[in-house]
Amino acid sequence: KLLIAVRRAQMALQHTWYLQMSGRQRGRSLWQLRVHMAFLIDNLQYYVQVDVLETQYTQLLEKIRATHDFESIKHAHELFLTALQAQLFFVSPPISRALHEIMELCHHFHSFVQDMGDPLTSREVTVLDRITKEFQRQSSLLFRILSSVRSVHSAPHLAQLLLRVDYNKFFSSQMMSSTHTMKSST
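For the structure given in this document, a descriptive report is provided here. (Residues numbered from 1 in each chain as written. Predicted model: local features only at pLDDT ≥ 70, side-chain atom pairs only at ≥ 80, totals over all residues. Heavy atoms only, no water.)

1. Some points on the overall build of the protein
Part 1 of the argument: Along its length, the protein carries 7 helices and 0 strands.
Part 2 of the argument: A buried classification covers 38% of the 186 residues belonging to the protein.
Part 3 of the argument: Long-range pairs, those at least 24 residues apart, make up 71% of the contacts in the protein between residues at least 6 apart in sequence.
Part 4 of the argument: With the model as given, the accessible surface of the protein reaches about 11,200 Å², and the carbon-plus-sulfur share is 59%. (Helix = DSSP H or I, 4+ residues; strand = E, 2+ residues; numbered from the N terminus. Buried < 20%, exposed > 50% of the residue type's maximum accessible area, 1.4 Å probe, protein only. Contact = heavy atoms within 4.5 Å. Areas by Shrake-Rupley, 256 points an atom, 1.4 Å probe, with all protein chains shown as cover.)

Structure, rendered in structure tokens:
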């Protein structure tokens, strides 16, 4: 279900790119927001597909090939399902909620780009600003949650996702600057 939701968000952002390339919508803030959304969603999709599903499936097949005992195969399957639930964040409501919100924002942004005028009205500028700020808030929240969970549980799958998302330290620097801003204002 998560992979389908991520793929739908990815397709909405790709269609948004098509609309932008066809000349309908060329604003810098639109391009920047779409690029940030696509970056996060593309890395999430790769994480789900390759780092979780493919890896866990390969491990399951190896365990099945290594045994001929039904109980061992059943146990391997249970471990497979448990690992999927943990690594796809089904057991972490805050992470699931943040991911859901981010994907909903991608769909909302896509609908906005499809329906907006050229040039943008003041109302549309306000809506775009609200979508941008909410995406920044949700993606920062997701990064903070993943960082805190990873440091508490020392989970390698979270480290892999964080590395993909923050390889250039964009989210880390945003988190540090927002923390510094909050400390200086108090």
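2. Regarding the environment of P94
Part 1 of the argument: With respect to the helices and strands, P94 occurs in helix α4 (residues 93-115).
Part 2 of the argument: Distance from P94 to L142, taken between C-alpha atoms, is 8.3 Å for residues 48 residues apart in sequence.

3. Description of the nonpolar core
Part 1 of the argument: Judged by nonpolar contacts, the single largest core of 45 residues is most densely connected at M37, I41, F89, F109, F112, I131 and L146.
Part 2 of the argument: Counting only elements with at least two residues in this core, the list comes to α1 (2-21), α2 (28-66), α3 (70-87), α4, α5 (122-153) and α6 (156-165).
Part 3 of the argument: Here this core takes 11 residues from α2, the largest share from any one element.
Part 4 of the argument: Those residues in contact with F109 that lie beyond four places of it in its chain are L13, T16, L30, L33, R34, M37, L128 and I131. (Core = buried A, V, L, I, M, F, W, Y, C linked by side-chain atoms within 4.5 Å.)

4. Section: α6
Owing to its 3.6 residues per turn, the α-helix brings residues three or four apart onto one side.
Part 1 of the argument: Of all the residues in α6, the buried ones are H157, L158, L161, L162, R164 and V165. Take α6 and look down its axis: the buried residues cluster within an arc of 160 degrees, on one side only. Facing away from the buried side of α6, by more than 90 degrees, are the exposed residues P156 and L163. (Arc of directions from axis to C-beta.)

5. Thoughts on the packing of α2 against α4
Part 1 of the argument: With their axes 11 Å apart at the nearest point, α2 and α4 run at an angle of 140 degrees to one another. Between α2 and α4, the angle is such that the two are oblique. For the element pair α2 and α4, the recorded crossing hand is left-handed. Each of L30, L33, R34, M37, L40, I41 and L44 in α2 lies in contact with α4, whose residues at this interface are L99, I102, M103, L105, C106, F109, F112 and V113.
Part 2 of the argument: Taken together, the residues that form the contact of α2 with α4 break down as 14 nonpolar, no polar and 1 charged. (Axes fitted to C-alpha atoms, helices over the stretch in contact; angles between N-to-C directions. Parallel < 35°, antiparallel > 145°, perpendicular 65-115°, else oblique. Left-handed = near helix turned anticlockwise from the far one by under 90°. Nonpolar A, V, L, I, M, F, W, Y, C, P; charged D, E, K, R; others polar.)

6. Topic: a nonpolar patch on the surface
Part 1 of the argument: On the surface, a nonpolar cluster with roughly 330 Å² of combined accessible area is contributed by W17, Y18 and M21.
Part 2 of the argument: Tracing the backbone through its elements, the reader meets W17 in helix α1.
Part 3 of the argument: For W17, a relative accessible area of 40% translates into the label partly exposed. (Patch = residues over 30% accessible without salt bridge, like charges linked within 9 Å, V, L, I, M, F, W, Y side chains within 5 Å. Salt bridge = Lys/Arg side-chain N within 4 Å of Asp/Glu carboxyl O.)

7. A short note on unusual backbone geometry
Part 1 of the argument: Its identity as a non-glycine residue notwithstanding, F89 has a phi of 70 degrees, on the positive side.
Part 2 of the argument: Structurally, F89 is set in the loop between α3 and α4.

8. Section: the packing of aromatic side chains
Part 1 of the argument: Scanning the entire structure with this criterion turns up 1 aromatic pair.
Part 2 of the argument: With a centroid separation of 5.9 Å and an interplanar angle of 15 degrees, the aromatic rings of Y47 and F89 are classed as stacked. Within this pair, whereas Y47 is found in helix α2, its partner F89 is found in the loop between α3 and α4, the two being separated by 42 residues in sequence. (Phe/Tyr/Trp six-rings, centres within 6.5 Å; stacked < 30°, edge-to-face > 60°.)

Keep in mind these values describe shape, not function.
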